[in-house]
Amino acid sequence: MKIVKFGGSSIADLESIKNVLSILQRASQEEELAVVFSAFGGVTESLLKCAHLARQNDATYQSLLLGMEKRHLQLVKQLIPVQKQSSVLTYVKVRFNELEDLFHGIFLIKEFSPRTSDYVVSFGERISAFILAEALKVAGLNSRFVDARELIRTNDRFGNAKVIFPTTNQLIYDYYSKNKGLLVITGFVASTDKGETTTLGRSGSDYTAAIFAAALKADSLEIWTDVSGVMTADPKLVYSAITIPQLSYSEAMELSHFGAKVVFPATMQPAMRRKVPIYIKNTFQPEAEGTLICETSENTKLIKGISSLSHISLLNVQGSGLVEVVGVSSRVFGTLAQAQVNVVLISQASSEHSICIAIKSEDAELAREVLEKEFHYEILAGEMDKVQIMPNMAVIAVVGENMKHHPGASGRLFQALGRNNINVSAIAQGSSELNISAVIQQSDLQKGLNALHEAFFLSDNKVLHVFLIGVGLIGKTLIKMIQSQLAKLQEEYMLDIKIHGLANSRFMAFDEDGFDLSTLPVPAEKDLPMNLQVFLNTMNSMNFSNSVLVDCTASQEVADTYQRVLESKVAIVTPNKKANSGPLEKYKALKKLSGQRNIKFFYETNVAAGLPVINTLQDLILSGDKVIKIEGVLSGSMNYIFSELSKGAPFSEVVAQAKEKGYTEPDPRDDLSGMDVARKILILGREAEQELHFEDVSVQSMVPEDCAHLDSVDEFLEKLKDHDGHFKQMLEEADQKNEKLRFMAVLENGKATVGLKSVDSKHPFYSLVGSDNMILFTTERYHEFPMIIRGPGAGADVTAAGVFADIIRLGNYSR
Ligand SMILES: NC(=O)C1=CN([C@@H]2O[C@H](COP(=O)(O)OP(=O)(O)OC[C@H]3O[C@@H](n4cnc5c(N)ncnc54)[C@H](O)[C@@H]3O)[C@@H](O)[C@H]2O)C=CC1
Ligand SMILES: N[C@@H](CC=O)C(=O)O
Ligand code: NA
């Protein structure tokens, strides 16, 4: 036989009740059943609310009670045909009359004892089980209402009574032998041997089901609830959490000790003692497998689940007085026990210099007080320090029996936390190796849970969680590239990339599971209006491990948030040059923050798009080289413009083409004014460890005076036509000398110049074509002949590819 239990959420309304009835109808065809019901969803709370109102002499309890009565009568009418309703309606009416009398009594005497409370709440289960037993009869089942107060005997600890098992088991067994059929049992309620109503405490209906399962030696126990079993982690914090198919009894105990509880294993004890297998099933998805909790479970993964406990404080008791002194820990724990302080976790190093104890934060002050009192003399004598408290901590734990047989679990745990910059303040693992716990900052909890979940469950792929601001030319090309390479990265490099946030200057959109990239998602009207602060807050609240902000804008406002982004432990990849070419102090601060906290900040495409310029320069510097001179054609658009010009088209037209081809900045005047190149040479100088400010760069602008202040790019391109002659003349002058016009930058002796030069055929820049860039590094090592990097340095593909390469590189540092 099978015992089946449905909680209040499974029978909260007509639709869910009908669903439960059909689950029972199906199940009863397969094997003999007994079913335990809680009160209808929300009823226990409402009954208690009525009682509290009545005790406060507040007559509004009457309307609340009337509402409840209506709800129950309505359900009877909906579940049971008219001709069979009257006895059920009468039963319900009589119960509500009794309740009315009860509340009136409470109202008059303004007293509500635990004894009365148990009696009041018992009505919830008694009425629900009665109605449902009748409804099951209507459905053709031979059901029989059982008031568990007749069968479960307890002591008189009202609210959380202790079951007297020998009597209870006998009563249940005898009843069952004499009464066949589908027993429909009230959960939660019991009685003393004097016939006073008691209740079984938290998750009491589960307990009722386990008591019946044990007494009747059931083949299985099914707990039906509103989730599909026990999950690998709290799904509210870890979106990728999945159902655990099987757990051993001990694993279930360990897991539910922390965090969100689906089952409360203490209530399962009677069934566990008799080795009854327990299934956790979802009423709203009956076909889902759910979780099986049994004696020994299958182990396919290193761990079974991850759980956590919030609102923890760490107490540190330390001093020389602890070393090799017998009895100190006994005094510490004895003192805490006497003060009723529950110890969650203990950690002591073999140096014996300190004992570290995790307790609930609400107990922290009391614990400090009693410990400092206990060790008053040691503290006075300096043998012990005052007790230190670290507030706002959380315990995170990985659980599973399989850890015992496989080395590496703790390695994986600490590596995953470390890679995500999560500091571990204390560690505990028992010799059963069923659980490894680490104490971390509360603010790191969600990220820690996700990091561990990825490390232990999500195949063995690393996942990068991308938030992309700027879905323009580069941003869109990047999305397409990620989409086309993803399968290869997943299969061959065990790297997964998910984009969870997208924004342009007008709209933003989010997807916790990651956008479907095959549709080229671009935020639009249907999404949210763009708000940078909200974007960053949402990114932080998703709190993924291995998050990266990819900034594909040219926006100063976005660049100004990098400090905050890095501080929130999110990496940055960007082609936007604004941050690195702003004030020197800001550049330095970002580099320092990224270095110290080990949060990556990659910007290879700041100079020469995808060409490996920044990384090469960083390698030179790191390996001890010193830069003497940098010369470069650093603008793809400017090189395109001045090389295309010699083919005969007017200047304004060539500029428009450069924009069309995606070589220019969003506003081509940023290129023509030399500003873009100035930014690039500034960044190269800074990367070469030079203290370079914007004032150290002298820039020759190619933007005619009357074009500089026009509002729109189109107006500018139109106006530029007036100056075609001027540029034609410049070209002719160069042609006459057999020279070419190159817009270049030179940095030497702490000063840089940016401008247009005419170069002869011997000059390395002479041969450049199209959007080519070329950079010459003259260094102490590359002294006689400079190191040269050359190739296309602008355009959607080469830039997006460089951004993509930076993102992939992040994968090397993540887990
Ligand atoms: N085009 C190229 O060859 C190269 C471009 N870059 C850099 O790449 C970046 C992007 O360039 P493109 O894609 O060509 O520009 P784009 O103008 O096509 O796209 C810029 C995107 O950023 C968005 N945006 C602007 N300000 C924003 C804000 N405050 N908040 C949210 N979104 C904002 C715009 O709506 C647009 O979606 C620029 O920083 C550029 O300097 C770097 C190397 C080469
Ligand atoms: N507009 C730039 C491209 C990006 O840096 C250029 O023309 O080189
Ligand atoms: Na580059």
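Here, every reference points to the structure presented above.
What comes next concerns the included structure. (Residues numbered from 1 in each chain as written. Chains lettered and ligands numbered in written order. Predicted model: local features only at pLDDT ≥ 70, side-chain atom pairs only at ≥ 80, totals over all residues. Heavy atoms only, no water.)

Some points on the packing of helix α6 (residues 165-178) against helix α7 (residues 204-215)
Thought 1: The N-to-C vectors of α6 and α7 enclose an angle of 70°; their axes lie 9 Å apart at closest approach. Put simply, α6 runs roughly perpendicular to α7. Contacts between α6 and α7 pair Phe165, Thr168, Asn169, Ile172 and Tyr173 from the former with Tyr207, Ile211, Phe212 and Ala215 from the latter.
Thought 2: A class-by-class count of the residues in the contact of α6 with α7 yields seven nonpolar, two polar and no charged. (Axes fitted to C-alpha atoms, helices over the stretch in contact; angles between N-to-C directions. Helix = DSSP H or I, 4+ residues; strand = E, 2+ residues; numbered from the N terminus. Parallel < 35°, antiparallel > 145°, perpendicular 65-115°, else oblique. Contact = heavy atoms within 4.5 Å. Nonpolar A, V, L, I, M, F, W, Y, C, P; charged D, E, K, R; others polar.)

Digging into the site of ligand 1
Thought 1: Inspection of the region around ligand 1 gives 26 residues, with Leu473, Ile474, Thr553, Glu665 and Gly795 positioned closest.
Thought 2: Between an oxygen atom of ligand 1 and a main-chain N or O atom of Val471, the distance comes to 3.2 Å.
Thought 3: At 2.8 Å from an oxygen atom of ligand 1 is found a main-chain nitrogen or oxygen belonging to Ile474.
Thought 4: Considering ligand 1 on its own, with 840 Å² of exposed area, one finds that the protein chains cover 84% of that surface.
Thought 5: Secondary structure elements with two or more residues in the shell around ligand 1: α15 (473-493) and α17 (556-559).
Thought 6: Here the residues of the shell around ligand 1 sort into 11 nonpolar, 12 polar and three charged. (Near = heavy atom within 4 Å. Polar contact = N/O pair within 3.5 Å; in protein donor to acceptor, adjacent residues only side chain to side chain. Areas by Shrake-Rupley, 256 points an atom, 1.4 Å probe, with all protein chains shown as cover.)

Some remarks on the pairing of strand β14 (residues 388-399)
Thought 1: Where strand β11 (residues 305-318) and β14 come together, nine bridges link them in antiparallel fashion. Looking across to β14, one finds that Ser307 is bridged to Ala397.
Thought 2: Where β14 and strand β16 (residues 435-441) come together, seven bridges link them in antiparallel fashion. Bridging from a neighbouring strand, Met393 pairs with Gln441 of β16. (Pairing = 2+ DSSP bridges.)

Topic: the coordination of the sodium ion (ligand 3)
Thought 1: For the sodium ion (ligand 3), the full set of protein donor atoms is Glu604 (O), Glu604 (OE), Val607 (O), Ala609 (O) and Leu611 (O), at a range of 2.3 to 2.5 Å.
Thought 2: Within one chain, the residues serving as donors to the sodium ion (ligand 3) are arranged as E-x2-V-x1-A-x1-L.
Thought 3: Under the relative-accessibility criterion, Ala609 is labelled buried at 5%.
Thought 4: With a relative accessible area of 13%, Leu611 lands in the buried category. (Donors = N, O, S within 2.8 Å, 3.2 Å for Na, K, Ca; no water. Buried < 20%, exposed > 50% of the residue type's maximum accessible area, 1.4 Å probe, protein only.)

Considering the side chain of Glu631
Thought 1: Looking at where Glu631 falls in the secondary structure, it is placed in strand β24 (residues 627-633).
Thought 2: Residue Glu631 is classed as buried on the basis of its relative accessible area of 17%.
Thought 3: Dropping the residues within four chain positions of it, Glu631 is found in contact with Ala745, Val746, Phe765, Met774, Ile775, Leu776 and Thr778.

What to know about unusual backbone geometry
Note: most peptide bonds trans; most residues except glycine with negative phi.
Thought 1: Positive phi, close to 55°, is recorded for Lys110, a residue that is not glycine.
Thought 2: On the basis of relative accessibility, which here comes to 48%, the residue Lys110 falls in the partly exposed class.
Thought 3: A positive phi angle is found at Asn543, which is not glycine, with a value near 50°.
Thought 4: The exposure class assigned to Asn543 is buried, which follows from its relative accessible area of 17%.

Some details on the site of ligand 2
Thought 1: In the vicinity of ligand 2 lie 13 residues, with Gly636, Ser637, Tyr663, Glu665 and Asp671 positioned nearest.
Thought 2: Residue Gly636 places a main-chain N or O atom 2.7 Å away from an oxygen atom belonging to ligand 2.
Thought 3: With respect to ligand 2, the side chain of Glu665 contributes an N or O atom lying 2.7 Å from a nitrogen atom.
Thought 4: In isolation ligand 2 exposes 250 Å². Once the protein is present, 93% of that is buried.
Thought 5: Contributions of two or more residues to the shell around ligand 2 are made by α21 (636-645) and α24 (675-687).
Thought 6: Looking at side-chain class alone, the shell around ligand 2 contains three nonpolar, five polar and five charged residues.

Notes on the pairing of strand β10 (residues 291-294)
Thought 1: On β10, burial covers both faces: Thr291 and Ile293 on one face and Leu292 and Cys294 on the other are all buried.
Thought 2: Bridge count for strand β8 (residues 246-248) against β10 is three bridges, and the pairing is parallel. Considered in β10, the bridge of Ser248 is made with Cys294.

A short note on α21
Helical geometry note: an α-helix holds 3.6 residues per turn, so side chains three or four residues apart project in the same direction.
Thought 1: Here α21 lies mainly inside the structure; 10 of its 10 residues are buried.
Thought 2: The set of residues buried in α21 consists of Gly636, Ser637, Met638, Asn639, Tyr640, Ile641, Phe642, Ser643, Glu644 and Leu645.

Some points on the nonpolar core
Thought 1: With 108 residues, the main nonpolar core has Leu478, Val550, Phe642 and Leu672 as its most contacted residues.
Thought 2: Not counting residues up to four positions away in its chain, the partners in contact with Val550 are Val466, Phe467, Leu468, Ile469, Leu478, Val573, Val803 and Ile807.
Thought 3: One finds Phe40, Leu47, Leu53 and Phe103 within the second-largest nonpolar core, a separate group that totals 53 residues. (Core = buried A, V, L, I, M, F, W, Y, C linked by side-chain atoms within 4.5 Å.)

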